[in-house]
Amino acid sequence: MLCETCYAQVMTDKLTDERNFVANHDILFDTICFGCTDINRPLIDDMAGSGE
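Residues numbered from 1 in each chain as written. Predicted model: local features only at pLDDT ≥ 70, side-chain atom pairs only at ≥ 80, totals over all residues. Heavy atoms only, no water.

**Points about the state of the cysteines**
Alright, step 1. Tallied over the entire structure, the rule returns zero disulfides.
Alright, step 2. Free cysteine Cys 3: the closest other cysteine sulfur is in Cys 6, separated by 3.5 Å.
Alright, step 3. Residue classification places Cys 6 among the buried residues on the basis of a relative accessible area of 4%. (Disulfide = S-S within 2.5 Å. Buried < 20%, exposed > 50% of the residue type's maximum accessible area, 1.4 Å probe, protein only.)

**As for the confidence of the model for the protein chain**
Alright, step 1. The pLDDT averaged across the protein chain works out to 86; a share of 92% of its residues lies at or above 70.
Alright, step 2. Confidence, read as mean pLDDT per element, is least for helix α4 (residues 41-48) in the protein chain (76) and greatest for helix α1 (residues 4-12) (94). (pLDDT = per-residue confidence, 0-100. Helix = DSSP H or I, 4+ residues; strand = E, 2+ residues; numbered from the N terminus.)

**Regarding unusual backbone geometry**
For residues besides glycine, phi is generally negative; the peptide bonds are generally trans as well.
Alright, step 1. With phi around 55 degrees, Lys 14 is a residue other than glycine that occupies positive phi space.
Alright, step 2. Position of Lys 14 relative to the elements: it lies in the loop between α1 and α2 (25-31).
Alright, step 3. You can call Lys 14 exposed: its relative accessible area is 69%.
Alright, step 4. Positive phi values are uncommon outside glycine, yet Asn 20 reaches one of about 65 degrees.
Alright, step 5. With a relative accessible area of 56%, Asn 20 lands in the exposed category.

As structure tokens, then:
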């Protein structure tokens, strides 16, 4: 889930493919705002392998 501004930036930078797969998540996390990072924290933690 991304705010409108972050979504527009991700689409402009073409960080996703046609299936919305992100090849380089480090660039994605550098692109999105702190609010979007907080909203997506459970997903980010799971991707990092730090899930409970």
